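Letter by letter, the chains look like this.
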Amino acid sequence: QVQLVESGGGMVQPGGSLRLSCAASGSFFSINFMAWYRQAPGNQRELVATITSGGTTTYADSVKGRFTISRINAMTTVYLQMNSLKPEDTAVYYCKTNGRVARYHADSDYWGQGTQVTVSS
């Protein structure tokens, strides 16, 4: 059984930094991409950043130049380095992996439980 576990959230002052981690336990046959999403109270969940198995990254316009997504080679752990944090970055951050757990399974999305990030003075 595959599980994703996020860590690294917390409270930080505006302008500060945090690094989120997402570790995948269990076995994937293949992973297409990993991503970070966030959801603030009253808002829809939004895509923050993605990284493919080939290392291609994409970012939401609101975080470009401030956030960096990275992963270890085996794609079992993905990070989100968040710099120059703003109050509007406050949200629950979720990790998602898209892949399959066996050769003949369909690709599926797997989600973590989320980690709270609060940016406040």
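Predicted model, so just to flag it, every value in this text is computed and none were measured.

Quick notes on the rules
- Residues numbered from 1 in each chain as written.
- Predicted model: local features only at pLDDT ≥ 70, side-chain atom pairs only at ≥ 80, totals over all residues.
- Heavy atoms only, no water.
- Pairing = 2+ DSSP bridges.
- Helix = DSSP H or I, 4+ residues; strand = E, 2+ residues; numbered from the N terminus.
- Axes fitted to C-alpha atoms, helices over the stretch in contact; angles between N-to-C directions.
- Phe/Tyr/Trp six-rings, centres within 6.5 Å; stacked < 30°, edge-to-face > 60°.
- Lys NZ or Arg CZ within 6 Å of the ring centre and 35° of its normal.

Q: Help me out: how do you make sense of the sheet that holds strand β3 (residues 18–25) in this one?
A: Within a sheet, neighbouring strands are paired by backbone hydrogen bonds and run either parallel or antiparallel to one another. One open sheet accounts for four strands, arranged β1-β3-β8-β7; its pairing is antiparallel. Here the strands that pair on one side only, and so sit at the sheet edges, are β1 (3–7) and β7 (67–71). When the angles between neighbouring strand axes are averaged without regard to direction, this sheet yields 15 degrees. Two strands pair when backbone bridges link them, and β1 and β3 are joined in this way by five bridges, in the antiparallel orientation.

Q: I'm lost on the packing of aromatic side chains in this one. Help?
A: Aromatic ring pairs: the centre-centre distance and the angle between the two ring planes describe each pair. If you walk through the whole model with that rule in mind, you get three aromatic pairs. Seen in terms of ring centroids, Tyr94 and Trp111 are 6.5 Å apart; in terms of plane orientation they differ by 80 degrees. Their pairing is edge-to-face. In this pair, Tyr94 is assigned in strand β9 (residues 91–100) and Trp111 in strand β10 (residues 108–111), connecting sequence segments 17 residues apart. Three or more aromatic residues link up through ring pairs in this structure, and these residues are Tyr37, Tyr94 and Trp111. One Lys or Arg, Arg19, reaches over the ring of Tyr79 and ends 4.2 Å from the middle of that ring.

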